[in-house]
Amino acid sequence: NALAYASTTLSSTMMNSVFQFYYVKLYLDVYRLSSGWFQVGQIVFLIWNAVNDPLFGWLQDTSNISWLSDRKKNILYGAPLFVLSFLVPWFPQYLHSVPMWVLGVHMVVVLCFYDTMFTFVVLAQCALFTELSPSQEDRQRLVKYSQIASIIGSSAVYFSQVISRNATDLSRLATFCVFIAGASYYFLYVSATNMKPAVRRDVPTDSSTGETASFATWLSQVKQILKQPNFLL
C-alpha cells in the first residue's frame, strides 16, 4: 500500500514541478503573451482553483455514480486526462500567428484543465490516506514513502533544465515532458490498481435530502473561501 500510494505522489510531483516551473516563462517569454492577458488568466485560474477543491470533494463524497465515489477509480480514470492536461502547453506549433486573445484563452483553458485534473486525482489520493489503514504505524509509513517520492519527483525540474539547456531548446523540453507524462501514467496506473483500502467507506444513497445538504455545505465552503482576506488579496 505504501509504495502504491507513493506512486501517485511521484507522478503528481513530477508533472506539477515541471508545469509550475515553466508555464510562466513559456507564455510570457516564448509565446509572447501580453501581460494584460496573463493577468486575466491568473485571476480566472485562481478563482477556479478556489472553487474546484470543495467541488470535487463534494462530488467524490456524495456522488451516486459508482466510479466517481470510488477513490481508486478516480485515480485510474483521471490519469489519462491528468497526463493530457500536462502535455498540452509544450507543443506550440498551432499557436504561431494567432491573435493575442486566442493565446490568452489558450492559457486560461490550459491552466484550468490542468488544475482540474490535478485536483481530481490528488484529492482522491489524500482521501485514501485514511482509508488504506487505521493503524498509526501504517499511516506514518505512508507519509514517509510519500515524502521520499515527492523529493524524487521534484528532481524532474533539474533534469528538464539540463536536457533542455535551461529551456533554450523547446523540442528537447517537449520530448522530456512526453517522457515524464508516460512515466507518470504508468505510476498512476500502478497506484490505482494496487492500493487496497482497509477501511470501508459508506457509499452515498439516493437521499435527495442528503444531497441537498451536501450541496449546501459545498456552497457554504465556497463562500467562505471567496471571503478569505488571503484570497481577496
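Just so it is clear, the model here is predicted, and its values are computed rather than measured. (Residues numbered from 1 in each chain as written. Predicted model: local features only at pLDDT ≥ 70, side-chain atom pairs only at ≥ 80, totals over all residues. Heavy atoms only, no water.)

Trainee: Whenever I open this one, the nonpolar core confuses me. Can you help?
Mentor: In globular proteins that are soluble, nonpolar side chains generally tend to be buried together. Judged by nonpolar contacts, the single largest core of 52 residues is most densely connected at Met15, Val18, Phe19, Ile75, Phe86 and Trp90. Every element with two or more residues in this core is listed here: α1 (2-30), α2 (35-62), α3 (71-87), α4 (100-132), α5 (136-154), α6 (156-163) and α7 (170-194). Counting residues per element, this core draws most heavily on α1, which supplies 13 residues. Once residues lying within four places of it in the same chain are set aside, the contact partners of Phe86 are Met15, Val18, Phe19, Tyr114, Cys177, Ile180 and Ala181. (Core = buried A, V, L, I, M, F, W, Y, C linked by side-chain atoms within 4.5 Å. Buried < 20%, exposed > 50% of the residue type's maximum accessible area, 1.4 Å probe, protein only. Helix = DSSP H or I, 4+ residues; strand = E, 2+ residues; numbered from the N terminus. Contact = heavy atoms within 4.5 Å.)

Trainee: So what exactly am I meant to see when it comes to unusual backbone geometry here?
Mentor: Trans is the prevailing form of peptide bonds, just as negative phi is the prevailing case for residues other than glycine. Phi is positive for Asn166, which is not a glycine, with a value near 60°. Take Asn166: it is sitting in the loop between α6 and α7. Positioned with a positive phi, Ala167 is a non-glycine residue whose angle comes to about 65°. Relative to the assigned elements, Ala167 resides in the loop between α6 and α7.

Trainee: For this particular structure, what's the right way to read the packing of α1 against α7?
Mentor: Describing two packed helices takes the angle between their axes plus the distance from one axis to the other. Here α1 crosses α7 at 155°, and the two axes come no closer than 8 Å. Viewed along their axes, α1 and α7 adopt a mutual orientation that is roughly antiparallel. Considering only the axes of α1 and α7, their crossing is left-handed. Contacts between α1 and α7 involve Ala4, Tyr5, Ser7, Thr8, Leu10, Ser11, Met14, Met15, Val18, Tyr22, Leu26 and Val30 on the former and, on the latter, Leu170, Leu173, Cys177, Ile180, Ala183, Ser184, Phe187, Leu188, Val190, Ser191 and Asn194. Split by residue class, the contact of α1 with α7 holds 17 nonpolar, 6 polar and no charged. (Axes fitted to C-alpha atoms, helices over the stretch in contact; angles between N-to-C directions. Parallel < 35°, antiparallel > 145°, perpendicular 65-115°, else oblique. Left-handed = near helix turned anticlockwise from the far one by under 90°. Nonpolar A, V, L, I, M, F, W, Y, C, P; charged D, E, K, R; others polar.)

Trainee: What should I look at first to understand the pattern of salt bridges in this one?
Mentor: As a working rule, side chains carrying opposite charge can pair if their charged atoms are close by. All chains considered together, the criterion is met by 4 salt bridges. Asp138 is paired through a salt bridge with Arg141; the nearest N and O atoms lie 2.9 Å apart. Of this pair, Asp138 and Arg141 both sit in helix α5, 3 residues apart, roughly one helical turn. For Asp138, a relative accessible area of 29% corresponds to the partly exposed category. The class for Arg141 is partly exposed, based on a relative accessible area of 32%. When the shortest N-O distance is used, the salt bridge between Arg165 and Asp169 registers 3.2 Å. (Salt bridge = Lys/Arg side-chain N within 4 Å of Asp/Glu carboxyl O.)

Trainee: When you look at α6 in this model, what are you seeing that I'm missing?
Mentor: Along an α-helix, residues three or four apart share an orientation, since each turn contains 3.6 residues. Buried within α6 we find Ala156, Val157 and Ser160. Each buried residue of α6 sits inside an arc of 100° when the element is viewed along its axis, so together they form one side. Considering only its buried residues, α6 is in contact with α1, α5 and α7. Downstream of α6 by a residue or two, Arg165 has a phi angle that is positive, lying close to 55°. (Arc of directions from axis to C-beta.)

Trainee: Is there a simple way to explain α1 in this structure?
Mentor: Along its 29 residues, α1 runs 40 Å from first to last C-alpha, staying within 8% of the 42 Å computed at 1.5 Å per residue. At the C-terminal side of α1, Arg32 shows a positive phi close to 60°. (Expected span 1.5 Å × (residues − 1).)

Trainee: Any chance you could explain the packing of aromatic side chains here in plain terms?
Mentor: Aromatic ring pairs: the centre-centre distance and the angle between the two ring planes describe each pair. On inspection of all chains with the given rule, the structure shows 14 aromatic pairs. Between Tyr27 and Tyr31 the ring centres are 5.2 Å apart and the planes differ by 85°, which places this aromatic pair in the edge-to-face class. Note on Tyr27: relative accessible area 0%, which makes it buried. Each ring, one from Phe56 and one from Phe120, has its centre 5.6 Å from the other, and the planes form 80°; the classification is edge-to-face. Of this pair, Phe56 sits in helix α2 while Phe120 sits in helix α4, placing them 64 residues apart in sequence. Taken as a pair, Phe56 and Phe120 share a single burial class, namely buried. Each residue in the set Phe19, Tyr23, Phe82, Tyr114 and Phe118 is aromatic and connected to the rest through ring pairs, giving one cluster. (Phe/Tyr/Trp six-rings, centres within 6.5 Å; stacked < 30°, edge-to-face > 60°.)

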